[in-house]
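Commentary on secondary and tertiary structure
Each chain, written out:
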Amino acid sequence: MKEKWSERLFYYVFSLLFLLFSLGPILWCFLLSLTEEYELFHRGGGLLPPSLYLGNYRELLDHSQRVGQILLQGIGNSVFLSLLCIFIGIFAALPASYAFSRYEFRGRIFILRLLVLTTVIPAFATLIPLYAVFSKLGLLDKRIWAAIVYVSSFLPLITWIMMNYFSAIPDELYDAARVDGCTERQLFFRVILPLSGPILLTVSLMLFLMSWGQFQIPLILISSPEKRVLTLVLSDFMGRNDVSYGLICASGILSLLIPALLAVLFRNFLLSGLMQGSVKG
Amino acid sequence: MKKENLTPWLLLSPCLLIMGSTVFYPAIRTFLFSMQRYRLTESYDIRFIGLDNYRSILSSPEFWTALSNSVFVLFFVLLIAFPVSMLTGLLLNRKSPLNSVLTAAAIIPWALPPLVNGILWRFIFYPGYGLANRILLGLGLISAPFPWTENRFSALLLAALVVVWRVIPFGSILVLSSLQAIPTELYEAARVDGSSRFQEYWAISFPLLLPIFPILFLQTSMAGINVFDELLALSGDRYELSTLLVYHYRTSFRFLDLGLGSAISYLILLSSGLLGYFYIKRIGKERSR
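Computed from a predicted model, the values in this text were never measured in an experiment.

**What to know about the overall build of chain A**
- Scanning chain A for helices and strands turns up 14 helices and 1 strand.
- The C-alpha atoms of chain A give 24 Å as radius of gyration, which overshoots the globular expectation for 281 residues (19 Å, by more than 25%).
- Projected onto its principal axes, the C-alpha coordinates of chain A cover approximately 75 × 70 × 30 Å.
- In chain A, the share of contacts with a sequence separation of at least 24, taken over all contacts with a separation of at least 6, comes to 77%.
- For chain A, the exposed area adds up to about 12700 Å²; of that, 66% sits on carbon and sulfur atoms.

Okay, structure coming up:
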């Protein structure tokens, strides 16, 4: 296929624009994090800071500084909640998706539709009674219960994706195992589970990233300062007067390292998972 | 598929337990709350008032402002994100080693917490000397810094932009991946038949992209409706800038009027449920195994 150099050029230019658009804001934040406080408001400021100021990062990574401690705690809490979410999410979604894909039963379509319907509903819509019930039962401020609420927002999507995955496994596999005399349970543990590796990875990634990004749920359900997740910590920083913008930007950069790294490393899994989520049966 | 009635329900139980207790049951309770006069600040006076909460919401300017803001944001998000994702995906469609890099860059905005997205963009459009103002001032296009996040119209557009920033790279890559799955033979055959580039797009690429539409639409509209984190980070919860979710948050958790807040919740629930309904109508027509 003959290709004009102009098309080639266009492609590269366009790709550059795309990269700039996707990563630009992060780049700017990074630059800001390397800027000293007064420079931020300097009138004649150009785009680049006059000198690279590492003070912000030093302050954040210094164990004796309050700011660094709070940030680290936030990251720790986010990691804890996200891991919890993966655990609970898979525990609920794996059997459910298997059931949907493998069995025909009364109410199957109804439940399926109900689940998918809840995907569009913002978490906030049900938070008030949740807050009321939790406070009556003394469940507020416990991270485990917050994790369960997190899971409820992602569960339909996760179940759906896994269901499609299981449905794509060829019938012959099931039949062959049956011929070999497997019971359903043996079938599941010996045949299906080992095959589920990729999808479990995909689903864990999605659960991790989605819980990492949660803000509304922890805002309402978690109150004690030492349990605050990263998103809460960052929004606190934004509202305080003693945290400079350079510092906020540095915190932002540090906090996006984990999700960005995971997303980039496992991008293919994430994409295939999401594309499967769009296939209907 | 096996026909059984006990095992599947057993398998479904953890899932149903979680969803039932954290979504379905609260949804019903929300409705009950919404019909009560329930202010945390006046907890001695809780009584049933029927549809009064709904009446006061529908007649309050705050609600209509929030509603129009939400619709505005959603509209712009869909308007911009959808075609641009498609276009970008089409334009970037080549087997190039760059694809890996592009995908990596594109997935980052999607993977970050929406709050962080809001923060990032706030620093670009910071009313003082954020990046946007610096560039515009430097180019001499404006003479004084523009207060992006103060003005209602621009603040909402900004919120839409932040959402768009998250959706477009992601949508483009989705489109790109689907396009790459189209076998080149199709294109070659078309070229042999003498079709132009444009005809190729129209007759081959476009129809084969249709399966992607639902998820693209869903992700985009979900992002648009759920605008909350970004808005809060961009400009705080000001009255005239609020979208429905922000309005809800303010009523329930700042003013502590749970009855009114529940009614708002229910309205939000109903409207997003309606959207979801159109999406789920197509489910269930799957093949049985």
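Still more to cover.
**A few points about the overall build of chain B**
- A tally of regular secondary structure across chain B gives 13 helices and 3 strands.
- Compactness check: chain B gives a C-alpha radius of gyration of 24 Å against a globular reference of 19 Å for 289 residues, more than 25% above the reference.
- Referenced to the eigenvectors of the C-alpha coordinate spread, the extents of chain B come out at roughly 80 × 75 × 30 Å.
- Here chain B, with 289 residues, has 57% of them falling under the buried criterion.
- Taking as baseline every contact in chain B between residues at least 6 positions apart, the subset at least 24 positions apart corresponds to 65%.
- Within chain B, one finds 23 positive and 16 negative side-chain charges whose respective centroids are separated by 3 Å.

**A word on the pattern of salt bridges**
- Inspection of the entire model under this criterion finds 2 salt bridges over all chains.
- Ionic pairing is found between A:Asp236 and A:Arg228, a salt bridge with its closest N-O pair at 3.1 Å.
- Of the charged contacts in the structure, one is a salt bridge between B:Arg55 and B:Asp52, with a shortest N-O distance of 3.8 Å. One end of the pair is B:Arg55 and the other is B:Asp52, both in helix 2 (residues 52-58) and 3 residues apart, which spans about a single turn.
- The exposure class assigned to B:Arg55 is exposed, which follows from its relative accessible area of 55%.

**Section: the packing of helix 4 (residues 98-111) of chain B against helix 7 (residues 152-180) of chain B**
Residues and elements named next belong to chain B.
- Where helix 4 contacts helix 7, the two axes come as close as 7 Å, and the packing angle between them is 145°. Both helix 4 and helix 7 take part in a crossing whose hand is left-handed. For the pair helix 4 and helix 7, contact is made by Asn99, Leu102, Thr103, Ala106, Pro109 and Trp110 and by Trp165, Arg166, Pro169, Phe170, Ile173, Leu176 and Gln180, respectively.
- Across the contact of helix 4 with helix 7, the residue classes break down as 9 nonpolar, 3 polar and 1 charged.

**Re the environment of B:Leu210**
- Within the element layout of this structure, B:Leu210 appears in the loop between helix 9 (197-209) and helix 10 (212-225).
- Measuring from C-alpha to C-alpha, the distance between B:Leu210 and B:Ser178 comes to 9.7 Å, with 32 residues separating the pair along the chain.

**Looking at the interface of chain B and chain A**
- Each side of the interface is counted separately: chain B has 111 residues, and chain A has 106 residues.
- Summing both partners gives a buried area of about 10000 Å² for chain B against chain A, and 75% of it is carried by carbon and sulfur.
- Along the contact surface separating chain B from chain A lie 0 salt bridges.
- Counting across the chain B and chain A interface gives 5 residue pairs in polar contact (both at pLDDT 80 or more).
- The greatest single-element share of the side of chain B that touches chain A, amounting to 20 residues, is contributed by helix 1 (residues 7-34) of chain B.

**Digging into the nonpolar core**
- In this structure, A:Met162 and B:Phe123 are the most contacted members of the largest nonpolar core, which totals 180 residues.
- For this core, the element with the most residues is helix 4 (residues 66-102) of chain A, which contributes 17 residues.
- Contact partners of A:Met162, with chain neighbours within four places excluded, come to A:Ala93, A:Leu94, A:Ser97, A:Ile199, A:Leu200 and A:Val203.

**So, the packing of aromatic side chains**
- Using the criterion set out here, one finds 17 aromatic pairs over all chains in the structure.
- Taken together through their ring pairs, the aromatic side chains of A:Tyr98, A:Tyr103, A:Tyr165 and A:Phe166 make up a single cluster.

**Digging into the confidence of the model for chain B**
Residue and element names in this part refer to chain B.
- Residues of chain B with pLDDT of at least 70 account for 92%, and the chain-wide mean is 78.
- Confidence drops under pLDDT 50 across residues 284-289; counting only partners more than four residues distant or on other chains, this segment forms 18 contacts.
- Reported for the predicted complex are a pTM of 0.85 and an ipTM of 0.82.

**Comments concerning helix 14 (residues 267-276) of chain A**
- Restricting attention to buried positions, one finds in helix 14 of chain A the residues A:Arg267, A:Leu270, A:Leu271, A:Gly273 and A:Leu274. In an axial view of helix 14 of chain A, the angular spread of the buried residues amounts to 165°, which keeps them on one side of the axis.
- Lining the buried residues of helix 14 of chain A we find helix 7 (143-167), helix 10 (197-212) and helix 13 (245-265) of chain A together with helix 4, helix 7 and helix 10 of chain B.

**Concerning the confidence of the model for chain A**
- For chain A, the average pLDDT comes to 81, and 92% of its residues sit at 70 or higher.
- The secondary structure element of chain A with the lowest average pLDDT is helix 2 (residues 37-40) of chain A, at 62, and the one with the highest is helix 10 of chain A, at 90.

**Describing the state of the cysteines**
All names here are of chain A.
- What the rule picks out here adds up to 0 disulfides over all chains.
- In this model Cys29 remains outside any disulfide bridge; the closest cysteine sulfur is found in Cys249, 3.6 Å from its own.
- Take Cys29: its relative accessible area is 2%, and that puts it in the buried class.
- By relative accessible area, Cys249 is classed as buried at 0%.

**Comments concerning the side chain of A:Ser78**
All names here are of chain A.
- Mapped onto the fold, Ser78 is located in helix 4.
- One polar contact links the side chain of Ser78 to the main-chain amide nitrogen of Leu230, over a distance of 2.9 Å.
- Excluding anything up to four places from it in sequence, Ser78 contacts Trp212, Val229 and Leu230.

**Section: helix 10 of chain A**
All names here are of chain A.
- Spanning 16 residues, helix 10 covers 22 Å between terminal C-alpha atoms, matching the ideal 22 Å at 1.5 Å per step.
- Counting buried positions along helix 10 gives 12 out of 16 residues, so the element sits mostly inside the fold.
- The complete set of buried residues in helix 10 reads Ile199, Leu200, Thr202, Val203, Ser204, Leu205, Met206, Leu207, Phe208, Leu209, Ser211 and Trp212.

Definitions and cut-offs
Residues numbered from 1 in each chain as written. Chains lettered and ligands numbered in written order. Predicted model: local features only at pLDDT ≥ 70, side-chain atom pairs only at ≥ 80, totals over all residues. Heavy atoms only, no water. Helix = DSSP H or I, 4+ residues; strand = E, 2+ residues; numbered from the N terminus. Rg over C-alpha atoms; globule rule 2.2 N^0.38 Å. Contact = heavy atoms within 4.5 Å. Areas by Shrake-Rupley, 256 points an atom, 1.4 Å probe, with all protein chains shown as cover. Buried < 20%, exposed > 50% of the residue type's maximum accessible area, 1.4 Å probe, protein only. Lys, Arg positive; Asp, Glu negative; His and termini not counted. Charge placed at Lys NZ, Arg CZ, Asp CG, Glu CD. Salt bridge = Lys/Arg side-chain N within 4 Å of Asp/Glu carboxyl O. Axes fitted to C-alpha atoms, helices over the stretch in contact; angles between N-to-C directions. Left-handed = near helix turned anticlockwise from the far one by under 90°. Nonpolar A, V, L, I, M, F, W, Y, C, P; charged D, E, K, R; others polar. Buried area = accessible area lost by both parts, 1.4 Å probe. Polar contact = N/O pair within 3.5 Å; in protein donor to acceptor, adjacent residues only side chain to side chain. Core = buried A, V, L, I, M, F, W, Y, C linked by side-chain atoms within 4.5 Å. Phe/Tyr/Trp six-rings, centres within 6.5 Å; stacked < 30°, edge-to-face > 60°. pLDDT = per-residue confidence, 0-100. Arc of directions from axis to C-beta. Disulfide = S-S within 2.5 Å. Expected span 1.5 Å × (residues − 1).

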